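The residues making up each chain are set out below.
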Amino acid sequence: MTAPTRIWKAALLVIGDEILSGRTQDKNIAQVATWLNVQGIRLGEVRVVADSTDAIVEAVNTLRNRNDYLFTTGGIGPTHDDITVDAVAQALGVDVVIHPEARAILERYYETRGGLNEARLRMARVPDGAALIPNRMSGAPGIQIGNVFLMAGVPSITAGMLDALTGELEGGAALLSETVGSWVAESEVADLLRETERSHEGVAIGSYPFFREGRVGANFVVRSVEPALLDAACEALVVGLRALGRDAVPGGI
């Protein structure tokens, strides 16, 4: 009997008053989730917290203990309200130190940009024992300590840090997906979706309804880590829809 595939899980902690106030729309959730899928890691939960030490400490300890990995975005810049490093250090029970390699990176980066002042040096502060995540865009590195990864809040910089981590984390099989669309109300095919998922263990089916061109329809996203199982479930769904007199559009509508 084949052993079940190990499912690696991650959580994302989005930090920042500007997200909660609505001034800034978060774009990191989608890109982190997409990147994790490619690494064979599932994003299982996302939490958004304010720039509050207590809130960050509580969230970090909760999320890192029930997931294989915890990623944070935001709050690692040069200003007084960038408190993520201090909060994570407090959560882990370690001191905050100046990382010598981070300091050297920042000194080189700012050599022709006005020099390394006190505010900029804040971006070399890390929880004691941390490693660095390269940042080719703005010099200031991300931080890894244990299973916690601290990244910038600016999406383009976050993307670069994720790129630097590609292939570096232990994960399982990548999650694959296919879409089948149909001009049908999802309530009319709920039994079919449930039965198709039940009869194909290892498959999950998501239903995403829409109203378009004056008609109701839905796209059904079938997900699995096993290509053969994914194909079988999609074929069963197509056959089932057509048996009900409904069109089935591979690739979605």
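The structure presented is a predicted model; accordingly, all values stated were derived computationally and were not measured.

Another aspect to go through is the packing of aromatic side chains. Counted under the stated rule, the structure contains 6 aromatic pairs. Relative to Phe149, the ring of Phe71 lies with its centre 4.9 Å away and its plane at 20°, an arrangement referred to as stacked. Of this pair, Phe71 sits in strand β3 (residues 69-73) while Phe149 sits in strand β8 (residues 148-151), and the two are 78 residues apart along the sequence. The exposure class assigned to Phe71 is buried, which follows from its relative accessible area of 0%. You can call Phe149 buried: its relative accessible area is 1%. Feature note: the residues Trp8, Trp35, Tyr69, Phe71 and Phe149 constitute an aromatic cluster, connected by ring pairs. Geometry around Tyr109 places Arg113 over its ring, the cationic atom sitting 3.9 Å from the centre. The ring of Trp183 has Arg215 sitting right over it, with the charged end atom 3.9 Å from the ring centre.

Running from amino to carboxyl end, helix α3 (residues 53-65) crosses helix α4 (residues 84-92) at an angle of 55°, the nearest separation of the two axes being 8 Å. With respect to α4, the axis of α3 lies oblique. The way α3 lies across α4 gives a crossing that is right-handed. For the pair formed by α3 and α4, the contact residues are Thr53, Ile56, Val57, Val60, Asn61 and Arg64 on the first element and Thr84, Ala87, Val88, Gln90, Ala91 and Leu92 on the second.

Grouped together as the largest cluster of nonpolar side chains are 31 residues, with contacts concentrated most on Leu13, Ile56, Val60, Leu70 and Leu150. Examining the composition of this core, we find that 5 residues originate from one element, α3, more than from any other. Setting aside residues no more than four positions away along its own chain, Leu13 makes contact with Arg47, Val49, Ile56, Ala59, Val60, Leu63, Leu70, Phe71, Thr72 and Thr73. Core analysis: the second largest hydrophobic core is formed by 20 residues, Ala10, Val14, Phe71 and Phe149 among them.

Residues that lie three or four places apart on an α-helix share one face, since the helix turns once every 3.6 residues. Taken residue by residue, helix α5 (residues 100-109) has Ala102, Ile105 and Leu106 as its buried positions. Projected down its long axis, α5 shows its buried positions confined to an angular sector of 95°, all on one face. Summarising the geometry of α5, the exposed residues directed more than 90 degrees from the buried face are Pro100 and Arg108. Residues of α5 that are buried sit in contact with α6 (118-121) and β6 (131-133).

By the secondary structure assignment, Ala124 is in the loop between α6 and β5 (125-127). Taking the C-alpha atoms as reference points, Ala124 and Pro78, 46 residues apart in sequence, are found 9.3 Å from one another. Those residues within four positions of Ala124 in sequence are excluded, and the remaining contacts are Val97, Ile98, His99, Ala102, Arg103 and Leu106.

Reading across the sheet, the 4 strands line up as β10-β11-β9-β12 and stay open at both edges, with antiparallel pairing between neighbours. Bordering the open sheet on either side are β10 (204-212) and β12 (249-250), each of which pairs with just one other strand. Direction of pairing for β10 relative to strand β11 (residues 215-224): antiparallel, over a ladder of 9 bridges. Among the inter-strand pairings, Ile205 is bridged to a residue of β11, identified as Val222. Lying over the sheet, helix α8 (residues 190-198) contacts β10 and β11, oriented at roughly 155° with respect to β10.

How each quantity is defined
Every chain is numbered on its own, with residues counted from 1 as its sequence reads. Totals for whole chains, interfaces and linings use every residue, but because this is a predicted model, local features are given only for residues with pLDDT of at least 70 and side-chain atom pairs only at 80 or more, for both listing and counting. To get the side-chain values, all heavy atoms of the structure are used, and hydrogens and water are removed first. Aromatic contacts are taken between Phe, Tyr and Trp rings whose centres are within 6.5 Å, Trp giving its six-membered ring; a plane angle under 30 degrees counts as stacked, one over 60 as edge-to-face, and the others as tilted. Helix numbers and strand numbers start at the N terminus; a helix is a DSSP run of H or I with at least 4 residues, a strand a run of E with at least 2. A 1.4 Å probe rolled over the protein chains alone gives each residue an accessible area, and that area as a share of the maximum for its type sets the label: buried under 20%, exposed over 50%, partly exposed in between. Only when the NZ of Lys or the CZ of Arg is both within 6 Å of the ring centre and within 35 degrees of the ring normal is a charge said to sit over the ring. Structural elements are reduced to axes, namely lines fitted to C-alpha atoms, with helices fitted over the stretch in contact, and the angle between N-to-C directions of any two is expressed from 0 to 180 degrees. Roughly parallel means an angle under 35 degrees; roughly antiparallel, over 145; roughly perpendicular, 65 to 115; everything else is oblique. Working rule for handedness: look at the near helix, and if it is turned counterclockwise from the far one by less than a right angle, call the crossing left-handed; if clockwise, right-handed. Two residues qualify as a contact provided that any one of their heavy atoms is within 4.5 Å of a heavy atom in the partner residue. Remark: nonpolar core denotes a set of buried residues (Ala, Val, Leu, Ile, Met, Phe, Trp, Tyr, Cys) joined through side-chain atoms within 4.5 Å. Throughout, the arc means that of the directions going from the helix axis to the C-beta atoms. What makes two strands pair is DSSP finding at least two bridges between them.

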